[in-house]
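# Inside the fold
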Amino acid sequence: VAEGLAEDEEGTAIGLQAAQLPVDPYFLGVWLNNGDDAIPDDHYEDRDRALRPVVEALGIETASVTRHFGLGVDYIELPSTVQQQLKDLHVFGDKHIPDIYLRSSLSQRMRLFAGILDAAGSLGNSDRRVYMTVYPLKFRKTLEDLALGLGASPRWSRYQQPKTASVLHTFTAT
């Protein structure tokens, strides 16, 4: 999905200076939008087994992999050093995009957005829109801030799951 994103051609994104970020922005995006609140914070979900090599190429080795055979999903445990970095960002148990990432450079914000999309998003072939579903409301609000800062026009729809109290927020942006 990330390969389909282009740099801001119209000059609508907010340009800021590069920041010293404690966690790689692409990885943070993958972890934030891992697709399921039931996954413990010290894991991330890799539905098609495509993310693990990308994450490992960033220097983040996986501590262990648990396979959910019924769903065809790998749950990947993070090393303790990465867990601590995420705790220091105050995102464990409170998934959202930290301010330092929202105020980072355009390329850093694009990498963050690419990680979010690659974890659980899609890019429409014909309409060039971005589609994804996110769970926590705070994450939804900070994702909207990120999209606006990248010059996108985000739109949301809300869906209440019939058999649970879970509310899903579907994100569409152009």
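A quick note: this is a predicted structure, and the numbers were derived from the prediction, not measured.

The rules behind the values
- The residue numbers shown here count from 1 along each chain, following its written sequence.
- The model is predicted, so local features are restricted to residues of pLDDT at least 70 and side-chain atom pairs to those at 80 or more, both for listing and for counting; the totals for chains, interfaces and linings are taken over all residues.
- Values reported for side chains reflect all heavy atoms of the structure, with hydrogen atoms and water molecules removed beforehand.
- Burial classes: relative accessible area under 20% of the type maximum marks a residue as buried, over 50% as exposed, and values in between as partly exposed (1.4 Å probe, protein chains only).
- The helix and strand labels rest on DSSP assignments: H or I over at least four residues marks a helix, E over at least two residues marks a strand, and numbering proceeds from the N terminus.
- Note on pairing: two strands pair once DSSP finds at least 2 bridges between them.
- Side-chain atoms within 4.5 Å link the members of a nonpolar core, which is a set of buried Ala, Val, Leu, Ile, Met, Phe, Trp, Tyr and Cys residues.
- Any two residues having at least one pair of non-hydrogen atoms within 4.5 Å are treated as being in contact.
- Just to be clear on terms, a salt bridge is a Lys or Arg side-chain nitrogen sitting within 4 Å of an Asp or Glu carboxyl oxygen.

## A closer look at the pairing of strand E3 (residues 73-77)
The buried fraction of E3 is high, at four of five residues. Judged from the four bridges that link them, strand E1 (residues 43-46) and E3 form a sheet pairing that is antiparallel. The partner of Tyr44 across the bridge, within E3, is Ile76. In this structure, strand E2 (residues 64-68) lies alongside E3, joined through five bridges in antiparallel fashion. Along E3, the bridge assignment pairs Thr66 with Tyr75.

## Things to note about the nonpolar core
Soluble globular proteins tend to pack their nonpolar side chains together in the buried interior. Counting 41 residues, the largest nonpolar core has Phe27, Ile97 and Leu143 as the members making the most contacts within it. For this core, the secondary-structure elements that each account for two or more residues are helix H1 (25-32), helix H2 (51-57), helix H3 (80-88), helix H4 (99-102), helix H5 (106-120), strand E5 (130-134), helix H6 (137-149) and strand E7 (167-173). With residues near it in sequence (within four places) discarded, Phe27 still touches Tyr44, Val55, Leu58, Ile60, Leu78, Val82 and Leu86.

## Considerations on the pattern of salt bridges
Counted according to the given criterion, the structure contains three salt bridges. Two residues, Arg140 and Glu144, come together in a salt bridge whose shortest N-O distance is 3.8 Å. On the criterion of helical spacing, the pair formed by Arg140 and Glu144 is a turn pair, its members being four residues apart in helix H6. Of the residues examined, Glu144 reaches a relative accessible area of 24% and is grouped as partly exposed.

What is shown is where atoms sit, not what they do.
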